[in-house]
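Summary of structural features
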Amino acid sequence: MEAVAVTRTPVLELPQHSRCVAALLRSPVSADSTARVSRLGFRSAQIWSSEFHRSSLRNAVPRLEQKNFNSTVHSSHADAGVVTQEKPKEVIFPQGDSWAVHKFGGTCVGNTERISNVAGIIVDDPSLRKAVVVSAMSKVTDMMYDVLDKAQSRDDTYTTALDLIEEKHRSTASALLGEGEDLKKFLKNLEDDILNLKAMLRAIYIAGHANENFSDYVAGHGELWSAQMLAAAVRKKGQSCVWMDARKVLVVKPTSSNQVDPDFEASLAKLVDWYAETPADCIIVTGFIASTPDGIPTTLKRDGSDFSAAIMGNLLRADQVTIWTDVDGVYSADPRKVKDAVVLSQLSYQEAWEMSYFGANVLHPRTTIPVMKYNIPITIRNVFNVSAPGTRIWCSPLTSDTCPFEDDDEIDGADKVVKGFATIDHMALVNVEGTGMAGVPGTASAIFETVKDVGANVVMISQASSEHSVCFAVPEKEVAAVAEALERRFKTALKAGRLSKVEVVKSCAILAAVGQRMASTPGVSATLFNALAKANINVRAIAQGCSEYNITVVVNQEDSIRALKAVHSRFYLSKTPLAVGIIGPGLIGRTLLNQLRDQSATLKEEFNIDLRIMGILGSKTMVLDESRLDLQDWQSIYDERGVPTDLSKFTSHLHQNHFVPNKVIVDCTADAVIAEHYLEWLKKGIHIITPNKKANSGPLDQYLAVKQMQRQSYTHYFYEATVGAGLPIMSTLRGLLETGDKIHEVQGIFSGTLSYIFNNLVGDRTFSDVVKEAKAEGFTEPDPRDDLSGMDVGRKVVILAREAGLKLSLDDVRITSLVPRELQDPNLSVDEFMRKLPEFDHEITAKREAAEANGKVLRFVGVVDVLKNKGAVDLIEVEKSDAFAQLSGSDNIISFKTARYQQNKLIVRGPGAGAEVTAGGVFSDLLRLSSYLGAPS
Ligand SMILES: NC(=O)C1=CN([C@@H]2O[C@H](COP(=O)(O)OP(=O)(O)OC[C@H]3O[C@@H](n4cnc5c(N)ncnc54)[C@H](OP(=O)(O)O)[C@@H]3O)[C@@H](O)[C@H]2O)C=CC1
Ligand SMILES: N[C@@H](CC=O)C(=O)O
Ligand code: NA
């Protein structure tokens, strides 16, 4: 504790109202209006009784009591009921001795109940000493400015507007304080203030003008009243407490940039004097207001009350400063944009600056300066949720030699490499380019001088070391003026070709990642850009300062929120969220939904994957949800909440969702029309997963366009289940190709249905019976004729052939059909087909018997002959000893003959149809996508 002994001095004397009006209109007021102030350095002094002080005050300013003096003479120590003492006693100003500074903003004291709540928080704080900075009740400062505007513009309603303000405080105080001395005193002060204000506003009305001093003086009354009410409310809760008119203590000097610099020395001297008069342990201090060195009332401008609190923290050498607001602390990203944003437990002062610069709801950087000097922590807390610990903003050993910590690790929450993310919307990029810039000193200076001259604010600058271009971001509303000024300034250079262009890119947004550990951690920017790339977001410009507290990128405005979410989830969340839209809740779709339901908790907890089903669309009905459908109940939600299907609505719901950057459509239909949308979805950055074979076996140009778009757009398109259902066929083929093997031939039984049929067509079983069973088992296509016609196998042959690099289409594949000619009419319904099929059983029976006569069995086989660029689908007879004859159930068997696997082929075998295995294949594609998008492996 630094002890400063003080002497009693007369209080600050401010002019009486008539003088005040004249002085303020004239301003500045003479420095004589301040009374004598004792300076630091008194080692010993005396304080006299308050009784004595009051009489001394009367003597010092005799005229004040005769006339109606303004509010500034309300005696705060009188409010506190300081005990009268006969003998002078020495007062030690307890600087640095367990002071806790609090600041409550306008919303915290917005009504009676809230003021009482704040009083409770103050009383509950066990700190030895408390200085509590308070703003005006919410909206009151604006109301004061409104009154002022009305008076200036000679609008007679200014008096009624002032009456409203008076009534607001009168009723609040009455409800808060009940009957008693404190209420009487407050109402008397309020009445005096209003009288003074009316006189002043009348003068303004007549003059039709008020200067800044006058505005500041009028506007600051809200704080005078809230401080008095809060002090009385604390006293009502049983703790002695006084209020302080900060204009008597805080001295600030105006600067050219509409800001003020605190004069700490002068303020401390005044504080010491004030304390000598009012040695209280609980002081409610008016926020926002102060005085100039000449004693003119002024304000601390924007975020003034936070600044008042930080200055008080400095003057008192407080242990801590707590800024109470209506949020739980500083979030890792704007929670209105990123639902998963979390409250940060800790930020360094520098990180807080960066976050606040980029629009986060933190302190204004200037607020931290007074407390940084003494490494005083500032904590942001929620007045409506006192159990939340808030965010502590403090020094860091990485940036301060005087920080009491040796290592960042000692500070809880300091170990995050990237603390938070923020965006600034509606920016524009300006790119000044030309060969004449390289190596010419002064170009950058000329550019930015020009920008300064039009008063535009440069938010980010980037220049490549080739010096051929300088790129910078300005608010979009300022860019036209900037571009015009640059074109004027560089007219000659542009004409001569030394500069090639002044280019403007509108509709941009800035995204910043903040964290001081980024400086010492390799790979942070790689991760950031990777997250952006995976979310299919184009980066237009990049800047990273040498301090590396932040990395800034410019993206298209339309991508702003998605970009924020993408990087936030990549760095901040342990889980990788993926927005999923499912089309086709038929057999495979609903089995997938059930598998997702059963596995989602495990995925989240053990694999950090968060799959959110945002919509389900069937041929007639769809259901959408803003954040996720409850999988436990998806079927009844779909049945009960379903609305008519609208594919484009479904797609934009998924695409434009504001919570999850990565989206995937899972197409579980067999519809070629749905497949036609893949290109458009990939273009939008939506990933696609499907067991639907139509896209990859449909028109060749459509397939090639989809594949090309997928690569170009950095989106993913997975279709493992199109061949062999859940069996790893596509991935095996890709693995062979990617590692440089050469595929010679792929041959196999690719149809689960036809495998099942021929595995079970034994004894006296009929073809139609076994088809019926295969259908019931869920092996067949929605229309079993697609299987029996060989079309399904033909499609698989085409899919494999194309994957192997052939440009094959269905028409190029020779396909044997098992559908009796008479039943090939496309108008025949599935039911009718199934009903009539038994009539033709004899056809297959004949073929089977012929094979048996040869000691063989029938198998439906597909072949991709890569070397001959051919594909075929045939019903063939195979030896009973052949591997193809050894299958059971819906088994598929696929053999790859390659450069590496010549003698012994690579064989994959297992069930190749059925709801569970197919949905499982689709599910594993989803997980593959999650891991591509950054889920930990
Ligand atoms: N069964 C299997 O073993 C395997 C199947 N597959 C493939 O899985 C896919 C699904 O098969 P399966 O579940 O058996 O088929 P189903 O007939 O049971 O389900 C198809 C679903 O798609 C929906 N649908 C159809 N057209 C549209 C459209 N235009 N818009 C929206 N929804 C539509 C249907 O809607 P609604 O509900 O309104 O009728 C139905 O929900 C097929 O492509 C199939 O080839 C792949 C490998 C194995
Ligand atoms: N109907 C198909 C299902 C898988 O693609 C089959 O029987 O194999
Ligand atoms: Na497969």
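So, how was this worked out
- Residues numbered from 1 in each chain as written.
- Chains lettered and ligands numbered in written order.
- Predicted model: local features only at pLDDT ≥ 70, side-chain atom pairs only at ≥ 80, totals over all residues.
- Heavy atoms only, no water.
- Helix = DSSP H or I, 4+ residues; strand = E, 2+ residues; numbered from the N terminus.
- Contact = heavy atoms within 4.5 Å.
- Areas by Shrake-Rupley, 256 points an atom, 1.4 Å probe, with all protein chains shown as cover.
- Near = heavy atom within 4 Å.
- Polar contact = N/O pair within 3.5 Å; in protein donor to acceptor, adjacent residues only side chain to side chain.
- Nonpolar A, V, L, I, M, F, W, Y, C, P; charged D, E, K, R; others polar.
- Donors = N, O, S within 2.8 Å, 3.2 Å for Na, K, Ca; no water.
- Buried < 20%, exposed > 50% of the residue type's maximum accessible area, 1.4 Å probe, protein only.
- Phe/Tyr/Trp six-rings, centres within 6.5 Å; stacked < 30°, edge-to-face > 60°.

A tally of regular secondary structure across the protein gives 34 helices and 33 strands. Partitioning the intrachain contacts of the protein with sequence separation of at least 6 by distance along the chain shows that 74% fall at a separation of at least 24. Only carbon and sulfur atoms are counted for the fraction: they give 49% of the accessible area of the protein, which is about 38600 Å².

Taken together, the neighbourhood of ligand 1 is formed by 27 residues, with Ser-619, Thr-669, Asp-671, Glu-781 and Gly-914 sitting nearest. Within the backbone of Pro-585, an N or O atom sits 3.2 Å from an oxygen atom of ligand 1. In the model, an oxygen atom of ligand 1 is placed 2.7 Å from a nitrogen or oxygen of the Gly-914 main chain. In isolation ligand 1 has 900 Å² of accessible area, and contact with the protein removes 79% of it. Its residues assigned to classes, the shell around ligand 1 shows 13 nonpolar, 10 polar and four charged.

The coordination sphere of the sodium ion (ligand 3) contains the protein donors Glu-720 (O), Glu-720 (OE), Val-723 (O), Ala-725 (O) and Leu-727 (O), at a distance range of 2.3 to 2.5 Å. Read in sequence order, the donor residues for the sodium ion (ligand 3) give the motif E-x2-V-x1-A-x1-L. Of the two residues examined, Glu-720 and Ala-725, each falls in the buried class.

We now examine the environment of Ala-227. Note on placement: Ala-227 falls in helix H10 (residues 221-236). Between the alpha carbons of Ala-227 and Thr-286 there is a distance of 5.6 Å; along the sequence they are 59 residues apart. For Ala-227, the residues in contact, after removing those within four places along its chain, are Val-134, Trp-243, Ile-284 and Thr-286.

Here we come to the packing of aromatic side chains. Counting across every chain of the model gives 11 aromatic pairs. Centroid distance Phe-93 to Tyr-275: 5.4 Å. Interplanar angle 70°. Geometry classified as edge-to-face. With Phe-93 in strand S2 (residues 91-95) and Tyr-275 in helix H11 (residues 264-277), this residue pair connects regions lying 182 residues apart in the sequence. With relative accessibility at 0%, the residue Phe-93 sits in the buried group. Judged by its relative accessible area of 4%, Tyr-275 falls in the buried class. Between Phe-421 and Phe-571 the ring centres are 5.7 Å apart and the planes differ by 45°, which places this aromatic pair in the tilted class.

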